[in-house]
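Coordinates in review
One letter stands for each residue in the lines below.
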Amino acid sequence: MIRKVRSHITQNEDLIFERSSPGKVGYQLPALDVPEADPSALLGAANVRGEIEGFPEVSEVEVVRHFTRLSTWNYAIDLGMYPLGSCTMKYNPRINEAVARLEGLAWSHPYQPESLSQGAMEVVAKLEDALCEITGLDDITLQPAAGAHGELTGILLVRAMLEAQGNPRKRILVPDSAHGTNPATAGIAGYAVQNVRSNDQGMIDLEELARLADEDVAALMVTNPNTLGVFEENIMRAAEILHSKGSMVYMDGANLNALVGVARPGDFGIDVMHINLHKTFSTPHGGGGPGGGPVAVKKHLAPFLPVPRLKRLKDAFAWDYDVPQSIGKVRAFYGNFGVLVRALAYILAHGGPGLRNATVDAVLNANYIRHKLAPYFDLPYNRPNMHEVVFSDDRQSAKGVRTGDMAKRLIDYGFHPYTVSFPLIVHGALMIEPTETESKQELDLFIDAMISIAQEVDEEPAKVTSAPHATRTSRVDETTAARKPIVRWKP
Amino acid sequence: MLAACGLTSTDQLFGQIPAEARIHEALNLAPGISEFEIVDYFKGLSDRTSNGYASFLGAGVYNHYRPVVVDTIVSRGEFLTSYTPYQSEISQGTLITIFEFQTMVCQLTGMDVANASMYDASTAVPEAAMMAVRITGRHRILVAKSVHPEYRMVQETYAKNQGLPIEEFGYDAETGQLDLADLEAKLSKEVACVIIQTPNFFGIIEDVKKAAELAHAHGALLVATFSEAASLGILAPPVDADIVAGELQSFAISPSYGGPFAGIIASKEKYIRQLPGRLVGETKDSNGNRAFCLTLATREQHIRREKATSNICTNQALIALMATVYLELYGKQGLRELATQNLAKAHYLGTKIRPHFSGPYFNEFVAAAPAGKTPEGINEALLEKKIIGGLPLGRFYPELSGATLLCATEMTKRADMDTLAEVFHS
Ligand SMILES: Cc1ncc(COP(=O)(O)O)c(C=O)c1O
């Protein structure tokens, strides 16, 4: 039975271009306090553009209604549980938004004098310190703009260190359970990717690893807990194998939410890792970004971190560009500063004990879901999990219903789907990450919905394969979209 | 809940982590604080910044007014707290705003297709160069010295690890525009692309057409970048470029000490399958209604893995939404008026302080400090009047160490420009 939602009226809305009528405006500018300018005279007629054909012309209220109406067609954490595995969709405290908009922080220019930037630089310093403490690593850069950008930065650090030793090496080892950004990053950093097959428990196979590890391997990229939500219990052995060949261990920190306050990557053999501030530290995902991808390292990689580095002088902060072994810059200025402000506010609000409690609740919530759903869905790797749990559609696909179908049906029950078909090592995966901010009530509603869907698969599978039924947009034809791409409006 | 999991203590939840990998004492972080204390703390930090100062800094980050409505929209939880719109049926709101964003980026730049956003221009430029390398099968990259120095630094970091040789070509010491002879001399059959910026780092408008002709004559692509998007309200779009990679910070995105911003990448239609990042396309739902979804995903890392066009996953969606709301508010007429106001302000300042270069400029220009003065000295004197001066150029261009880069926008007040000119000349 569907208990969480019932339908309500939503407004129709055209594209803004179709709402336009000539002469309408939604902006105001002050009267000019200087003489008017003649663009053709100042720029040369050839440099001046004509009217922008098809550009919107609408009033302010039309803009507000346009976006408000569109917003009601979205699902969001603010509406309910969003159990997308690997994405850590937790509640985003609004205080973080408020402090990021404080005038002195939001309107600081990256080139203003350091004497007028000390408040902003303190944000950087405080966050650097907290993240080093949380990861157990020695040093950090906050410059990367997202997780994948952090991966690239981290692998470039490894490359720079190996190059300084005389040989950048050729290969990066990537487990077959890894996220797509890992191999893509290795490729962009100029390395060949070698897949490492997981063992029958879905974990790094030490024998396979020992076989593949040699002096051509620059690094292993490992996700821990891995994408099955399971802690790689042999991680320290794996690190020893790589270190014995002079290779580095890179950790994809997308799943750090399972570890904060409980275990530190720096203590289990990791040399370098990225952190997704938009996951673990709750800066909002915003429909796909922005994020923050700080990269933390052990001492031996620190000399290669991007410039500028924040220097802590006796009574002031300063930016230091004089870092001879640095890989250079990976992004202009100092990174997604506004995201850093939000992450620091989150850490201050929780404090050390609060962060650990969040970890405990996240892991407890995911285990609760595993126990409640195990009778209904196949668990390909039935092991204690951490912050997320991965089922397969084995039982349901026998009836012709796939993980993607059940995901769509979940929408009718008032939830965002779980992550579908990832990790690739699980055929027909249902990857569920509840996060710590869901209450038992919400979890129980979710569990009921999943059980109800499992029953529907038995009794009326067509209802599931044709879902969703309650949304204003029914199942979307993605195949046609890709065959004849229309990626912009035209008059 | 513990009991339902067959456990008796929360510690057992972590039983799979080997003891030697666990920490046994608390993190060395203070206990949590209340909302009031957090506001109080960050207000204190905010006060220890440039708050209350007028500023003539541009150089890639611009002060433009942000209409209140922009924050109203992006604060809506349905936009703020949703993920990437992979589940189209419950993400049409986000998908349509991205489709409108892609459309307006095309309209502004004169390109045929644009993606859903990049981190910023400094990372969009190397992504464009990588596109050009894939398209042409060549490896050399030529970059104008008048491209933003930080974009060039990021380009360098990306390229040096892929074995892509980079060479810079100069600018004309008189006009501040591209040194086309230098460009021509450095072009060859190995060059994948030529990267230029317009208005360039000195605020000067480039001849994109000429640069494109030279590049194309040698079989190379032209990549055009920009950091001052407001210029597109009045300037002819860079239609002769093959790829445009730029920055939309000017459109309602606060300077925020350098980020988050919204980069764009756009190109000619024929290169669509080489674009990095996400793309939204139009289609229909099973009832035949117009609908939108992410498309051409076979370019991307989650499908293509090490053969993807880029490793980008999370982009700058919410910031791109800010720019989208802004562009729809300003619209056809507003964007032109905005650009014209910027032009008028900067040229008023240009009558008080003589521009160093003779090329046409939009809203910033280089000025040489009067004899016996330094840009740094002038800036010191301005700070006493609560004014932040221009960017002294010596740190990026040793040959311009006596010069400063000054910017005026619609937010710059005439009285502050008069004070600046007075201090400059006094
Ligand atoms: C396991 C894993 N690694 C890497 C990434 C990439 O991070 P980002 O999207 O911040 O670039 C993600 C997130 O999508 C992920 O889930």
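In every chain, residue numbers begin from 1 and rise along the written sequence. All chains are assigned letters beginning at A, and all ligands numbers beginning at 1, according to the order in which they are written. Only residues with pLDDT of 70 or above have their local features reported here, since the model is predicted, and side-chain atom pairs are shown and tallied only from 80 upward, although totals for entire chains, interfaces and linings are computed over all residues. Hydrogens and waters are ignored; side-chain quantities use all the structure's heavy atoms.

1. Some remarks on the overall build of chain A
What chain A contains, in helices and strands, is 16 helices and 12 strands. Relative to the globule expectation of 23 Å for 491 residues, the C-alpha radius of gyration of chain A, 25 Å, shows essentially globular dimensions. Here the C-alpha coordinates of chain A stretch approximately 75 × 65 × 45 Å along the principal axes. Working definition: with a 1.4 Å probe on protein chains only, accessible area under 20% of the residue-type maximum means buried, over 50% means exposed, and in between means partly exposed. For chain A, the residues scored as buried account for 65% of the 491 residues in total. None of His or the chain ends enter the tally, which takes Lys and Arg as positive and Asp and Glu as negative. We put the charge of a Lys on NZ, of an Arg on CZ, of an Asp on CG and of a Glu on CD. When the 48 basic and 59 acidic side-chain charges of chain A are each reduced to a single mean position, those positions are 2 Å apart. Only DSSP runs of H or I with at least four residues qualify as helices, and only runs of E with at least two residues qualify as strands; both kinds are numbered from the N terminus onward. Computation of the radius of gyration draws on C-alpha atoms, with the globule rule given as 2.2 Å multiplied by the number of residues to the power 0.38.

2. Things to note about the interface of chain B and chain A
The contact criterion used is simple: two residues touch if any of their non-hydrogen atoms lie within 4.5 Å. The partner chain A presents 188 residues to the 174 residues of chain B that form the contact. Here the buried area means the combined drop in accessible surface, using a 1.4 Å probe, for two parts upon being joined, counting both sides. Counting each side, the surface lost to burial between chain B and chain A is near 15800 Å², with a carbon and sulfur contribution of 64%. By salt bridge we mean one thing: a side-chain nitrogen of Lys or Arg within 4 Å of a carboxyl oxygen of Asp or Glu. At the junction of chain B with chain A, the criterion picks out 10 salt bridges. Across the pair Arg356(A) and Asp11(B) runs a salt bridge whose closest N-O atoms are separated by 3.8 Å. As used in this structure description, the phrase polar contact means that two N or O atoms lie within 3.5 Å; if the pair is within protein, one of them must be able to donate a hydrogen and the other to accept it, and residues adjacent in sequence are counted only when both atoms belong to side chains. Applying the counting criterion to the chain B and chain A interface returns 97 residue pairs in polar contact (both at pLDDT 80 or more). Per-element accounting of the side of chain B that touches chain A gives the leading share, 25 residues, to helix H10 (residues 317-352) of chain B.

3. Some details on the packing of aromatic side chains
Ring pairs (aromatic) are described by centroid distance and by the angle formed between their planes. Aromatic contacts are taken between Phe, Tyr and Trp rings whose centres are within 6.5 Å, Trp giving its six-membered ring; a plane angle under 30 degrees counts as stacked, one over 60 as edge-to-face, and the others as tilted. Taken as a whole and assessed by the stated rule, the structure comprises 26 aromatic pairs over all chains. Consider the rings of Trp319(A) and Tyr334(A), whose centres lie 4.3 Å apart with planes at 0 degrees: the pair is stacked. In this pair, Trp319(A) sits in strand S9 (residues 317-320) while Tyr334(A) sits in the loop between S9 and helix H11 (337-373), placing the two residues 15 residues apart along the sequence. An identical accessibility class is assigned to Trp319(A) and Tyr334(A); each is buried. When the ring of Phe251(B) is compared with that of Tyr326(B), the centres are 5.6 Å apart and the planes differ by 25 degrees; the resulting orientation is stacked. You can see Phe251(B) sitting in the loop between strand S7 (243-247) and strand S8 (263-267) and its partner Tyr326(B) sitting in helix H10, a full 75 residues away along the chain.

4. As for the domain arrangement of chain B
All names here are of chain B. Each assigned domain of chain B is listed with its residue range as follows: domain 1 (54-66 + 331-425) and domain 2 (69-326). Each of domain 1 and domain 2 was reduced to a C-alpha centroid, and the two centroids are 27 Å apart. Of the residues lining the interface, 32 residues belong to domain 1; the matching set on domain 2 comes to 39 residues. Carbon and sulfur atoms make up 62% of the surface buried where domain 1 meets domain 2, a total of about 2900 Å² over both sides. On the domain 1 side of the contact with domain 2, Arg 66, Phe 357 and Tyr 397 bury the most area, a combined 25% of that side's loss. In this structure, the connection of domain 1 to domain 2 is made through 2 salt bridges. How far each domain reaches was decided by an automatic or database domain assignment.

5. Points about the pairing of S7(B)
Residues and elements named next belong to chain B. In terms of burial, S7 is a largely internal element, 5 of the 5 residues being buried. Residues of S7 alternate between two faces, with Ile 243, Ala 245 and Glu 247 on one and Val 244 and Gly 246 on the opposite face, all of them buried. Note on pairing: two strands pair once DSSP finds at least 2 bridges between them. The pairing of strand S6 (residues 221-226) with S7 spans 4 bridges and is parallel. In the sheet register, Thr 225 faces S7, and the bridge partner there is Ala 245. One ladder, built from 5 bridges, connects S7 with S8; its direction is antiparallel. Opposite Gly 246, over in S8, you have Ile 264 as the bridge partner.

6. Here's the deal with the domain arrangement of chain A
For chain A, the assigned domains are domain 1 (16-79) and domain 2 (96-348). The straight-line distance from the C-alpha centre of domain 1 of chain A to that of domain 2 of chain A is 40 Å.

7. Notes on empty space enclosed by the protein
Empty space among the atoms becomes apparent when a probe as large as a water molecule is rolled across them. In this analysis a 1.4 Å probe is tested at points of a 1 Å grid over the protein atoms alone, and where it fits but cannot get out there is a cavity; an open set with protein on both sides within 12 Å along at least five of seven lines is a pocket; lining residues have an atom within 4 Å of a point. Grid points are joined across faces, edges and corners, and a volume is the space filled by probe spheres set on the points. Enumeration according to the criterion identifies 11 cavities of 30 Å³ or more in this entry. Roughly 270 Å³ of internal volume is contained in the largest cavity. Along the wall of the largest cavity there are 22 residues; nearest its centre are Arg101(A), Arg342(A), Pro260(B), Ile319(B) and Met322(B). Residue polarity follows a fixed list, in which Ala, Val, Leu, Ile, Met, Phe, Trp, Tyr, Cys and Pro are nonpolar, Asp, Glu, Lys and Arg are charged, and the others, Gly among them, are polar. Considering only residue class, the lining of the largest cavity consists of 12 nonpolar, 6 polar and 4 charged. By volume, the second largest cavity is sized at about 100 Å³. In terms of lining, the second largest cavity is formed by Val124(A), Glu128(A), Ile140(A), Thr141(A), Leu142(A), Gln143(A), Pro306(A), Pro308(A), Arg309(A), Leu310(A), Trp319(A) and Tyr334(A). Looking at the lining of the second largest cavity, the elements that each hand over two or more residues are helix H6 (118-135), strand S1 (139-141) and strand S8 (309-312) of chain A.

8. Quick word on the site of the ligand
Consider each residue's heavy atoms; a residue with any of them within 4 Å of a molecule or strand counts as near. Taken together, 15 residues form the shell around the ligand, and within it Ser86(A), Asp252(A), His278(A), Lys279(A) and Thr314(B) come nearest. Residues within reach of the ligand are spread across chains A and B. At a separation of 2.6 Å, an oxygen atom of the ligand approaches a polar side-chain atom of His278(A). One of the side-chain nitrogen or oxygen atoms of Thr314(B) is found 2.5 Å away from an oxygen atom of the ligand. Accessibility throughout is a Shrake-Rupley quantity obtained with a 1.4 Å probe, and a residue counts as covered only by protein chains that appear here. Summarising the interface, the protein chains cover 99% of the accessible area of the ligand, which totals 390 Å² for the free molecule. Per-element tally for the shell around the ligand: the top contributor is helix H7 (residues 147-164) of chain A, with 3 residues. Class assignment of the residues belonging to the shell around the ligand gives a composition of 5 nonpolar, 7 polar and 3 charged.

9. Here we look at the nonpolar core
Generally speaking, soluble globular proteins have nonpolar side chains that are buried together. Nonpolar cores are built from buried Ala, Val, Leu, Ile, Met, Phe, Trp, Tyr and Cys residues. Side-chain atoms within 4.5 Å join them into one set. In this structure, Phe281(A), Leu373(A), Phe446(A), Phe42(B), Val194(B), Ile196(B) and Leu248(B) are the most contacted members of the largest nonpolar core, which totals 269 residues. No other element matches H10(B), which puts 19 residues into this core. Here Leu373(A) is in contact with Phe391(A), Ile432(A), Phe446(A), Ile447(A), Met450(A) and Ile451(A), once residues within four sequence places are set aside. Of all hydrophobic cores here, the second largest spans 33 residues; its members include Val174(A), Ala189(A), Val193(A) and Val330(A).

10. Observations regarding the packing of H10(B) against helix H12 (residues 414-425) of chain B
Two packed helices can be described by the angle between their axes and the distance between those axes. Residues and elements named next belong to chain B. Packing of H10 against H12 brings their axes to within 10 Å, and their N-to-C directions diverge by 25 degrees. When the interaxial angle is binned, H10 and H12 end up roughly parallel. Helix-helix and strand crossings are classified by hand; for H10 and H12 the assignment is right-handed. Contacts between H10 and H12 involve Lys 345, Tyr 348, Leu 349 and Lys 352 from the first element and Arg 414, Met 417, Asp 418, Leu 420, Ala 421 and His 425 from the second. Of the residues that constitute the contact of H10 with H12, the class distribution is 5 nonpolar, 1 polar and 4 charged. Helix axes are fitted only over the stretch in contact, all axes being lines through C-alpha atoms; the angle between N-to-C directions runs from 0 to 180 degrees. Note on angle classes: values under 35 degrees are labelled roughly parallel, values over 145 roughly antiparallel, values of 65 to 115 roughly perpendicular, and the remainder oblique. Two helices crossing with the near one rotated counterclockwise from the far one by less than a right angle form a left-handed crossing, whereas a clockwise rotation gives a right-handed crossing.

11. A short note on the state of the cysteines
Residues and elements named next belong to chain B. In plain terms, two cysteine sulfur atoms within 2.5 Å form what is called a disulfide here. According to the stated counting rule, one finds 0 disulfides over all chains in the structure shown. Left without a disulfide partner, Cys 193 is nearest to the cysteine sulfur of Cys 106, which lies 20 Å away. Left without a disulfide partner, Cys 293 is nearest to the cysteine sulfur of Cys 106, which lies 17 Å away. For Cys 293, a relative accessible area of 0% puts it in the buried group.

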